[in-house]
Structure formats: structure tokens, C-alpha cells
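One letter stands for each residue in the lines below.
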Amino acid sequence: MTQQKKIVAKECRFAIHIPTRSSDAPDLHLVKEVRHYEDGTHEPFTNFVKNYKRPFAVTKEAYRNHEQKKESESLDRLNTHHCTQSDLRFHVARALGKGWSNAQMRELSKSPFLYGTDVSSTVHIKSEYRKRWPDVATDYTVAYYDIETDMTSEEGDPIMTTLVFEDLIHTTILSSFFRGYSNVVERILEMLEKQLKIELPEKKYRFKIELVDNMKDLIKKPIDTAHERQPDFIAIWNIDFDLPKVIGALERQKVDIKDVFCHPRLPPHMRFCKYKKGKTKKVTASGQVKPMNPSEQWHSLLVPASFYFICAMSSYRFIRQGA
């Protein structure tokens, strides 16, 4: 139905660069959009942009008479080049007259004649959206994710996962946890309905509760819902507990985490997924090394998807400090 609607504007929530890994694969960007239609409605959409050409500039030969980088330069003294983010290093080396070079971008960027390479392709993409459609701005959407773990096992693998987004609560539970019980889902729904009428009498939720037989389904099914509903953020309270537990459990079951967290439309050979721990220690003004409070730490999941995972605990501290 939405395909028949006329698009009048687009917002770019974020863009993620997916570098090419072979000559027959494109340089790719995943762009999370909000598409606005003529009838006043809007919806999220994940767009894939192939071989986007980003700009950079090099001083013309006649004006290369300085040894230090300038803060700015006149455009008429520059040659502007365009290339994909994956090919940036090769094009910069060529534009600087080095021909083929194995120098890394960090080394090439020391040239006093080079401009714009510190601005990534993802920034350029978002800027182009804002320039073309400057008057659209909708609130970001947030889903919430939580797990419960097995306290009786050494690994402490998840036994229940839940994703909450808008009016939907999607929970998966290992069927082995309820071994010997009958009518489990019906009884849970009955208790939820009773309790929520007390706690949230004016709030309406839809429940999707599934008993599953394996770890892959336990973790993947709520994430599949996130891929389908496309929130902008998935917030987890203390992300450094939940995500390592989830990833560790999948890896022990020989499940490729890329196939769970990456956008399902992304070809398998272009997928990547890595949990990146932030700093856990800080150096004080006196030179002492001290551990950082967990709420001060910033951890992230590097993955091309229609959502970002964020730590709700660290975000809450950050916002409260600025209040």
C-alpha cells in the first residue's frame, strides 16, 4: 500500500558504511530513512545506496607553496575529487601525485594540500538529506530489550528475551524452563492482563509470547521483530551484561551473530557484527588510573541494521549530568 503513496520528503536517521571486500562487490551504505508521504503519514525505511561518491579536495599545483596545513583555502585554488569511501586512500594518493601507494590514510592526511578527508561519507549523506528536505523532523523511536539468564548454569545463558516497541511486547522463553507445566502461554497472558490493569490501567499493549526449543530462536525472534518494525534505537539497561551474554550463547551454539543482528536484506558476504567495549578505566589529573563506573562506560555493537543498540543506563547518566 505504501508503495502507491507519493513520497514528499525523507529524513536520514543515520548512515552506516559497508566497505567493499572484493572487486565485484559494491561500496555500500545502509541509510535509515523516515519517508514522509503526501497524505501526511510517515514510516521508517532502510535504503541501500551503492557506490556513493564522496568529495575531497587537493590544492592545485600552482598554489602548493606552504609546508603547514591551512585552516581554510579558497575553492578556486582547489581541485575537487569524488570517489567511494572504500577507494578514498587510493584516490587521495593519486591526487597528491604519489601514484600507487601503500600509505594509510593517517599518513596521507598529513599533507598540507589535502582537505575534507576527515569528513566521512556517512556525514555527507546525512547532510545531503538535510539540504534537500530541511523542514522535516520527527521524533526518534526507541525499543527496549531485556534478557533473563539461567542462574543455575556456569555460563548463565539467556532463558528469556523481550523486545518492547510501541504497543508490542514480544517475549521468547526456552520451553525447557517450563518443563512439566501445561498451558504456559495462556497462563502467562492471563497473569499479565490482570497485573497490567492494576499497574497501567490506561495503557494498551499487545503480547506476543513464544515458547522456543533452542537458543537461536530464543534470541533471533525478537530481533527479527526489530528488523521488521525498524525502531531507531534499541535501549538496554547495562548493555555490557546483556549483549555479551547473548553473543556468547549464540557462539556456543555455532550460530553466526551476523545472521541475527545484520539487516536481513544485506547479502551474507557483506555482513559484519562486532561488540566493541568502551573504556573501563580513566586517568585522573594527578596521573592515577581509576576504574570507571559502569554507567560512565560506552559500549557499542557495530552492525549494519535499521537500529542502533544503546545503553540506557549510560544514556540516563549522561542526560542527568547535563540537566
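Quick note: structure is the one above.
Definitions and cut-offs
Residues numbered from 1 in each chain as written. Predicted model: local features only at pLDDT ≥ 70, side-chain atom pairs only at ≥ 80, totals over all residues. Heavy atoms only, no water. Pairing = 2+ DSSP bridges. Helix = DSSP H or I, 4+ residues; strand = E, 2+ residues; numbered from the N terminus. Axes fitted to C-alpha atoms, helices over the stretch in contact; angles between N-to-C directions. Contact = heavy atoms within 4.5 Å. Buried < 20%, exposed > 50% of the residue type's maximum accessible area, 1.4 Å probe, protein only. Phe/Tyr/Trp six-rings, centres within 6.5 Å; stacked < 30°, edge-to-face > 60°. Lys NZ or Arg CZ within 6 Å of the ring centre and 35° of its normal. Core = buried A, V, L, I, M, F, W, Y, C linked by side-chain atoms within 4.5 Å. Polar contact = N/O pair within 3.5 Å; in protein donor to acceptor, adjacent residues only side chain to side chain.

A. Seen up close, the sheet that holds strand β8 (residues 158-165). On the basis of which strands lie adjacent, the open sheet formed by 6 strands has the order β10-β9-β8-β7-β11-β16 and mixed pairing. The outermost strands of the open sheet, each flanked by one partner alone, are β10 (206-212) and β16 (308-311). Across the sheet, the mean angle separating the axes of adjacent strands is 20 degrees when strand polarity is ignored. When strand β7 (residues 142-149) meets strand β11 (residues 233-236), the two strands line up parallel, connected through 3 bridges. In the strand pairing of β11, Ala143 is matched with Ile234. Across the sheet, helix α5 (residues 215-229) is in contact with β7, β8, β9 (168-174), β10, β11 and β16; its angle to β9 comes to roughly 165 degrees. Packing against the sheet, helix α6 (residues 239-252) makes contact with β7, β8, β11 and β16, and its axis sits at approximately 65 degrees to β7.

B. Looking closely at the pairing of β8. Across the 8 residues that make up β8, a large majority, 6, are buried. Pairing between β7 and β8: 6 bridges, direction antiparallel. Bridged to Glu148 within β8 is Met160. Relative to β9, β8 is paired through 6 bridges, and the arrangement is antiparallel. Each bridged residue has a counterpart across the sheet, and for Leu163 the counterpart in β9 is His170.

C. Summary view of the environment of Ile147. Position of Ile147 among the secondary structure elements: in strand β7. Given the relative accessible area of 4%, Ile147 is considered buried. Between the C-alpha atoms of Ile147 and Ile219, which are 72 residues apart in sequence, the distance is 9.2 Å. Residues contacting Ile147, with those up to four places away along its chain left out, are Pro158, Met160, Thr161, Phe241, Asp242, Lys245 and Val246.

D. Local environment of the packing of aromatic side chains. Enumeration according to the criterion identifies 9 aromatic pairs in this entry. Between the aromatic rings of Phe14 and Tyr308, the centroid separation amounts to 4.4 Å while the plane-to-plane angle is 45 degrees, which identifies the pairing as tilted. Separated by 294 residues along the polypeptide, Phe14 in strand β1 (residues 7-18) and Tyr308 in strand β16 bring together distant segments of the chain. You can call Tyr308 partly exposed: its relative accessible area is 32%. Arranged with centres 5.1 Å apart and planes meeting at 85 degrees, the rings of Phe177 and Phe178 form a pair that is edge-to-face. An aromatic cluster of three or more residues is present, and its members are Phe177, Phe178 and Tyr181. Positioned above the aromatic ring of Tyr37 is the side chain of Lys5, whose terminal nitrogen or guanidinium carbon lies 5.3 Å from the ring centre. The side chain of Arg89 reaches across the aromatic face of Phe90, ending 4.4 Å from its centre.

E. Looking closely at the sheet that holds β1. Strands sit in the order β1-β2-β3 across an open sheet of 3 strands; the sheet is antiparallel. Each edge of the open sheet is held by one strand with a lone partner, namely β1 and β3 (42-50). Recorded for the sheet is a direction-independent mean angle of 25 degrees between the axes of neighbouring strands. As paired elements, strand β2 (residues 28-37) and β3 share 9 bridges and run antiparallel to each other. Counted as the bridge partner of Lys32 is Thr46 from β3. Running over the sheet, helix α3 (residues 121-132) touches β1, β2 and β3 and is turned about 175 degrees from β1.

F. Structural detail: unusual backbone geometry. Positive phi, normally seen in glycine, also occurs at Asn183, with a value near 50 degrees. You can see Asn183 is positioned in the loop between β9 and α4 (184-199). Exposure remark for Asn183: the relative accessible area of 51% places this residue in the exposed category. For Gln230, which is not glycine, the phi dihedral falls at a positive 60 degrees. Relative to the elements of secondary structure, Gln230 occurs in the loop between α5 and β11.

G. Geometry of the nonpolar core. Ranked by size, the top nonpolar core spans 35 residues in total, and within it Tyr145, Ile219, Ile234, Leu250, Phe261, Leu301 and Phe309 carry the most contacts. Listed by contribution, the elements that provide at least two residues to this core are β7, β8, α5, β11, α6, α7 (258-261) and β16. With 6 residues, α6 is the single largest residue contributor to this core. Apart from the residues lying within four places of it in its own chain, the contact partners of Phe261 are Ile223, His227, Val246, Ile247, Leu250, Cys273, Leu301, Val303, Pro304, Ala305, Phe307 and Phe309. Listed in part, the 13 residues of the second largest apolar core include Val58, Val92, Leu96 and Met105.

H. Examining the side chain of Thr138 more closely. Tracing the chain through its elements places Thr138 in the loop between α3 and β7. According to the relative accessible area criterion, Thr138 is buried, its value standing at 18%. Within the structure, Thr138 has its side chain in polar contact with the side chain of Glu11 (distance 2.7 Å). Within the local environment of Thr138, its side chain forms a polar contact with the side chain of Arg13, the two groups lying 3.0 Å apart. Ignoring anything within four residues of it in the chain, the contact list for Thr138 reads Glu11, Arg13, Val34, His36 and His42.

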